[in-house]
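Geometric and topological summary
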Amino acid sequence: MLILLAFIIVFHITSAALLFISTIDNAWWVGDNFSTDVWRICDTNTSTCMAITDDFSEYQSIQAVQATMILSTIFCCVAFLVFILQLFRLKQGERFVLTSVIQLLSCLCVMIAASIYTDRHEDLHRSHGYRMEVSKGQYGYSFVLAWIAFAFTLISGVMYLVLRKRK
C-alpha cells in the first residue's frame, strides 16, 4: 500500500510539474529565430521578448488559453492538497471522489487550453501585432507537454476515483 501511495503522489507531482512547465515556458510555437507561448514572443537572434497584448487580433483566444492553463494548474495543486487531507480524514473503504473531481476539472481545463491553441494557431500566428514572421513554425515542447499533462491528469483523476482508502 505504501508503494502505491508513493506512486500516486509522484504521479500527481509529475502532472503538476508538467502543467507548470507548459504554462510558464516559452515554447508553444517555435521557429528558426523565434519562440512564442501564450504570454510573449521572443526573438532568439537578439534575445528580446515582446508581451502579447490586445494589439493582437486573436488576443481573446490567447487569453482563453492563459486562463484555462492557469486554472488547470491551480486545480491540480488543490487536488493534491485535498488528497493529502482526505488521506487522513476519510474512513477506511471510502473513495477519493472529491480529489478525483478536482483533478478531472484540471484535466478538462488543460484539454480546453490545448484544443483552443490547436484550433486557433493559424490565426494566432498571422496576427499583424508580431514584429517578425511567426507563421512558419511548428509546435514546441511546451505545447506537447500540455497534451501529456492532459493524459496524466486524466489518468490520475480516474485513479483517484477507483482508489479506496485502506489501512
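Structure: above.
This section reports on the structure supplied with the text. All figures in this text were calculated on a predicted structure; none of them were measured in a lab. Numbers given for residues are sequential positions, taken from 1 along each chain in its written order. Local features in a predicted model are, by the rule used here, given only for residues with pLDDT of at least 70; side-chain atom pairs are given and counted only at 80 or more, and totals for whole chains, interfaces and linings are based on all residues. Hydrogens and water molecules were not included; the side-chain quantities draw on all heavy atoms of the structure.

1. Concerning the nonpolar core
Formed by 27 residues in total, the largest nonpolar core has its most connected members in Leu-19, Trp-28, Val-65, Met-69, Val-110 and Tyr-117. The nonpolar core is taken to be a set of buried Ala, Val, Leu, Ile, Met, Phe, Trp, Tyr and Cys residues, with the residues joined through side-chain atoms within 4.5 Å. Burial classes follow relative accessibility: with a 1.4 Å probe on protein chains only, a residue under 20% of its type's maximum area counts as buried, one over 50% as exposed, and anything between as partly exposed. Membership of the second largest hydrophobic core comes to nine residues, among which are Ile-8, Phe-83, Phe-96 and Tyr-160.

2. A word on the packing of helix H1 (residues 2-24) against helix H2 (residues 59-89)
Interaxial distance between H1 and H2 falls to 9 Å at its minimum, and their mutual angle equals 160°. Accordingly, the angle class assigned to the pair H1 and H2 is roughly antiparallel. In terms of crossing hand, the pair formed by H1 and H2 is left-handed. Of the residues in H2, those in contact with Leu-5, Ile-8, Ile-9, His-12, Ile-13, Ser-15, Ala-16, Leu-19, Phe-20, Ser-22 and Thr-23 of H1 are Met-69, Ile-70, Ser-72, Thr-73, Cys-76, Cys-77, Ala-79, Phe-80, Phe-83 and Leu-87. Between N-to-C directions, angles cover 0 to 180 degrees, with each direction set by a line fitted to C-alpha atoms, over the stretch in contact for helices. In DSSP terms, a helix is any run of H or I states spanning at least four residues, a strand is any run of E spanning at least two, and both are numbered starting from the N terminus. Comment on the angle field: the value is read as roughly parallel under 35 degrees, roughly antiparallel over 145, roughly perpendicular from 65 to 115, and oblique elsewhere. Working rule for handedness: look at the near helix, and if it is turned counterclockwise from the far one by less than a right angle, call the crossing left-handed; if clockwise, right-handed. In what follows, residue pairs with any heavy atoms lying within 4.5 Å of each other are defined as contacts.

3. Notes on the state of the cysteines
Disulfides are defined in this document as cysteine sulfur pairs within 2.5 Å. Evaluated as defined, the whole model comprises one disulfide. Each sulfur in the disulfide pair Cys-42 and Cys-49 lies 1.9 Å from the other. Between Cys-42 and Cys-49 the disulfide shows an S-S torsion of about 105°. By sign, it is right-handed. A relative accessible area of 8% places Cys-42 in the buried class. No disulfide involves Cys-77; its sulfur sits 5.8 Å from the nearest other cysteine sulfur, which is in Cys-76. Of all cysteine sulfurs, the one in Cys-109 lies closest to Cys-107, which takes part in no disulfide; the gap is 9.3 Å.

4. Topic: the pairing of strand E4 (residues 48-51)
Note on pairing: two strands pair once DSSP finds at least 2 bridges between them. Here four bridges tie strand E3 (residues 40-43) to E4, and the two strands are oriented antiparallel to one another. The partner of Arg-40 across the bridge, within E4, is Ala-51. Connecting E3 to the next strand, E4, in antiparallel fashion are four residues, including Ser-47 with a positive phi near 55°.

5. What to know about the sheet that holds E3
Ordered in space as E4-E3-E2-E1-E5, the five strands form an open sheet in which the pairing is antiparallel. In this open sheet, the two edge strands, each paired with only one partner strand, are E4 and strand E5 (138-139). Across two bridges, the pairing between strand E1 (residues 29-30) and E5 is antiparallel. Residue pairing across strands places Trp-29 opposite Tyr-139, the latter belonging to E5.

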